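For reference, the chains in residue letters:
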Amino acid sequence: MTFFEHLEELRGVILRSLSALLLGCVLVGCFFPFFADLLNYPLRVAIGQDSSTLQGLVTTSPMGIFSVLMQVCFLGGLAISLPVILFFIAKFISPALTQQEMKVLFPACIAVFLLFVIGASFSYFYIIPATLSVSIALNKVFGFQLIWSAPMYYGLVVWMTIGIGLCFEFPLVLLVLIYLRIVSSTTLKKIRKHMIVAVLITAGLITPTSDPLSLFALAIPLYILYELAIFVGARYEAKRQKECMRDCNELPWPIVKPD
């Protein structure tokens, strides 16, 4: 294929991915009450049995409901269309890969999807309810009345879910860098102290309340994923070194080591 043929193929992938996302958004829009009620789960958990704490969500502007619609449809559409989008991307890059790289592509796509789902679920079922619980408790301490707007609440749920889901992808980024020999597992081991600080800063930026409970609840899994990336990367490097030594031993001429 020529350069322009590759660009045309890339354009097709982008259009098909956007079509899948749009179809997912339309599907969510058709069942909007169900998905909107689903996104209210963290709020119901945070409120608990005390329903007098918050009577319900409100909109404070004439266009507020449209903001809610767009955010809910986008999150639901992205979740539904993500496997299809990954399939389109894998199909696009597969002709340029070797047979060995093709064996890695399918597990990598599955890992991308699973890590995003795990991160999004962790945010939805634990981080967001914990954050809302801390916010409600602080409001009670200072005697403030809770009147939360629907656009702000759904925006919080949507972007925290997506943000934490994407954060859980960073071990794959590290493994790709190790695979491309840009970094090594030894280098990652040396910067552990710096990574702890970076993880804490990232967790503090993502969690809006920045309370210790929510911060460490996010920071600890992220650091565990970092250590897991080091472990997997070190095993891959050891396997690559063994294959290199085996190939060198099979050469028809001896290797002369320098003095």
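Preceding this paragraph is the structure being described.
Source: prediction; values computed, not measured. Note on numbering: residues in each chain are counted from 1, in written sequence order. Where local features are concerned, this predicted model is filtered to residues with pLDDT of at least 70; where side-chain atom pairs are given and counted, the filter is 80 or more; whole-chain, interface and lining totals use all residues. To obtain the side-chain values, all non-hydrogen atoms of the structure were used and water was disregarded.

1. Considerations on the packing of helix H1 (residues 3–30) against helix H4 (residues 64–93)
To keep things clear, this is the line we draw: The convention used is that axes are lines fitted to C-alpha atoms, helices contributing only their stretch in contact, and that angles between N-to-C directions extend from 0 to 180 degrees. Strands are runs of DSSP state E lasting at least 2 residues, helices are runs of H or I lasting at least 4, and numbering of each runs from the N terminus. Each angle gets one of four labels, with under 35 degrees taken as roughly parallel, over 145 as roughly antiparallel, 65 to 115 as roughly perpendicular, and the rest as oblique. Here a crossing is taken to be left-handed if its near helix is turned anticlockwise relative to the far helix by less than a right angle, and right-handed if that turn runs clockwise. Charged residues are taken to be Asp, Glu, Lys and Arg, nonpolar residues to be Ala, Val, Leu, Ile, Met, Phe, Trp, Tyr, Cys and Pro, and polar residues to be all remaining types, Gly included.
Contact geometry for H1 and H4: axes closest at 7 Å, N-to-C directions at 150°. Comparing their axes, H4 and H1 come out roughly antiparallel. Seen along the crossing, H1 lies across H4 with a hand that is right-handed. Of the residues that constitute the contact of H1 with H4, the class distribution is 17 nonpolar, seven polar and two charged.

2. Section: the packing of aromatic side chains
Condition: When two rings of Phe, Tyr or Trp (its six-membered ring) have centres within 6.5 Å they constitute a pair, described as stacked for plane angles under 30 degrees, edge-to-face for angles over 60, and tilted for the intermediate range. The buried label goes to any residue with under 20% of its type's maximum accessible area, the exposed label to any with over 50%, and the partly exposed label to all in between, with areas taken from a 1.4 Å probe on protein chains only. When the NZ atom of lysine or the CZ atom of arginine is within 6 Å of a ring's centre and also within 35 degrees of its normal, the charge is said to sit over that ring.
Taken as a whole and judged by the stated rule, the model has 13 aromatic pairs. Geometrically, the ring pair formed by Tyr 41 and Phe 125 is edge-to-face, given 5.5 Å between the ring centres and 65° between the ring planes. Here Phe 125 lies in helix H5 (residues 99–142) and Tyr 41 lies in helix H3 (residues 41–47), a separation of 84 residues in the sequence. Look at Tyr 41 and you get partly exposed, because its relative accessible area is 30%. On the basis of an interplanar angle of 40° and a centroid distance of 5.7 Å, the ring pair of Tyr 179 and Tyr 236 is categorised as tilted. Here Tyr 179, found in helix H7 (residues 170–179), pairs with Tyr 236, found in helix H10 (residues 212–249); they are 57 residues apart in sequence, far enough to count as distant. A residue is classified by how much of its surface remains accessible, and Tyr 179, at 35% relative accessible area, is partly exposed. For Tyr 236, a relative accessible area of 27% corresponds to the partly exposed category. Among the aromatic side chains, those forming a connected cluster through ring pairs are Tyr 41, Tyr 124 and Phe 125. Taking NZ or CZ as reference, Arg 16 lies 5.5 Å from the ring centre of Phe 88, over its face.

3. Topic: the environment of Ile 89
Looking at the secondary structure, you find Ile 89 in helix H4. A residue is classified by how much of its surface remains accessible, and Ile 89, at 40% relative accessible area, is partly exposed. C-alpha of Ile 89 to C-alpha of Glu 169: the two residues are 80 residues apart in sequence and 16 Å apart in space.

4. Some details on H1
Condition: Expected span of a helix: the number of residues minus one, times 1.5 Å. Any pair of residues with heavy atoms lying within 4.5 Å of one another is described as a contacting pair.
Helix length check: H1, at 28 residues, gives a terminal C-alpha distance of 41 Å against a target of 40 Å (1.5 Å per residue), a fit within 8%. Three or more residues of H1 are buried, namely Gly 12, Val 13, Ser 17, Ala 20, Leu 21, Gly 24, Cys 25 and Val 28. Where H1 is buried, its residues touch helix H2 (32–39) and H4.

5. A look at the nonpolar core
Rule in force here: We define a nonpolar core as any set of buried Ala, Val, Leu, Ile, Met, Phe, Trp, Tyr and Cys residues linked to one another through side-chain atoms lying within 4.5 Å.
Counting residues in hydrophobic clusters, the biggest one holds 52 residues, and the most contacted among them are Leu 39, Val 72, Leu 132, Tyr 154, Ile 164 and Leu 218. Filtering out sequence-adjacent residues up to four positions away, Tyr 154 remains in contact with Ala 36, Leu 39, Asn 40, Leu 57, Val 68, Gln 71 and Val 72.

6. Points about the pattern of salt bridges
Our working definition: Put simply, a salt bridge is a Lys or Arg side-chain nitrogen that is within 4 Å of an Asp or Glu carboxyl oxygen.
Inspection of every chain in the model, using the stated rule, returns four salt bridges. Where Arg 11 meets Glu 8, a salt bridge forms, and the shortest distance between an N and an O atom there is 2.7 Å. Taken as a pair, Arg 11 and Glu 8 lie in helix H1 at a separation of three residues, close to a single helical turn. With a relative accessible area of 45%, Arg 11 lands in the partly exposed category. A relative accessible area of 44% means that Glu 8 is categorised as partly exposed. Here Glu 9 makes a salt bridge to Arg 16, at a shortest N to O gap of 3.9 Å. Residue classification places Glu 9 among the partly exposed residues on the basis of a relative accessible area of 34%. What makes Arg 16 partly exposed here is its relative accessible area of 37%.

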